[in-house]
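# Overview (structure and organization)
The residues making up each chain are set out below.
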Amino acid sequence: LLSLVVGIGALASAEPSAHLRVLVGAVVPFGTLPGGFPPAIGPVGGIVWYRGALAFDAELAFLVPQTREIGDGRATIGSLAARAALCWRYHPLSLCGLTSIAGVFASGDNVAPTDRSDLGLEIGVGPRGSVDLTLGDSAGMRIFGTLELMARRAEFAVGRDALFTAPGVRGELAIASWLRAW
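Here is what the cut-offs are and how they apply
Residues numbered from 1 in each chain as written. Predicted model: local features only at pLDDT ≥ 70, side-chain atom pairs only at ≥ 80, totals over all residues. Heavy atoms only, no water. Helix = DSSP H or I, 4+ residues; strand = E, 2+ residues; numbered from the N terminus. Buried < 20%, exposed > 50% of the residue type's maximum accessible area, 1.4 Å probe, protein only. Contact = heavy atoms within 4.5 Å. Areas by Shrake-Rupley, 256 points an atom, 1.4 Å probe, with all protein chains shown as cover. Polar contact = N/O pair within 3.5 Å; in protein donor to acceptor, adjacent residues only side chain to side chain. Phe/Tyr/Trp six-rings, centres within 6.5 Å; stacked < 30°, edge-to-face > 60°. Lys NZ or Arg CZ within 6 Å of the ring centre and 35° of its normal.

### Some words on the overall build of the protein chain
Across its full length, the protein chain carries 1 helix and 10 strands. Listing the helices and strands of the protein chain from first to last along the sequence gives α-β-β-β-β-β-β-β-β-β-β. Across the 182 residues that make up the protein chain, the buried fraction comes to 38%. In the protein chain, 60% of the contacts between residues at least 6 apart in sequence involve partners at least 24 apart. Here the protein chain displays about 9,600 Å² of accessible surface, and carbon together with sulfur accounts for 68% of that area.

In structure tokens form, the structure reads like this:
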């Protein structure tokens, strides 16, 4: 079955040769931060290797730390995620299966008896869809959306009291420019 899918995909692809693209853009997540935090935004960068109708994406995304007042104190939360995706492409559309691992960092001032910082680990899987808009032979734009089911969620607590547990599902929208490296 896999060889049938790969064979059909290779026939459908407009670009049968292998090539590499470098992406740089901005990501806006939803469902990442607890309620009350301002919307997050951050840079995203990565590479995409194409071979016929198949593609492999690897990227890093950073969410700029966001701060929120909590009682007499304040909390700050941000993250850095590494992602990998295997995609089937029918130019200009791609559908991917994605996996991610992220470090979520948080710090609090006056939200507990002592100021503290912590780091949590998240692991997610889910689908991604994208549209590539070609702007000439070696440049273009990519618009993509991701939905992740979090297999492991970050949790921050003071003693036995949980201050924040990351949502079980999150998503994001992103736009990036790309250049063909080879």
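Moving on, there is more to tell.
### Describing the side chain of Arg21
Tracing the backbone through its elements, the reader meets Arg21 in strand 1 (residues 19–30). Taking the relative accessible area as the measure of exposure, Arg21 reaches 3% and is therefore buried. Polar side-chain contacts of Arg21 include one of 3.2 Å to the side chain of Tyr50.

### Thoughts on the packing of aromatic side chains
This model, assessed by the stated rule, comprises 2 aromatic pairs. Judged by centre distance (6.3 Å) and plane angle (20°), the rings of Phe62 and Phe105 are stacked. Of this pair, Phe62 sits in strand 3 (residues 54–70) while Phe105 sits in strand 5 (residues 93–109), placing them 43 residues apart in sequence. What makes Phe62 partly exposed here is its relative accessible area of 30%. What makes Phe105 partly exposed here is its relative accessible area of 28%. Across the ring face of Trp178, the terminal group of Arg21 is positioned such that the distance to the ring centre comes to 3.6 Å.

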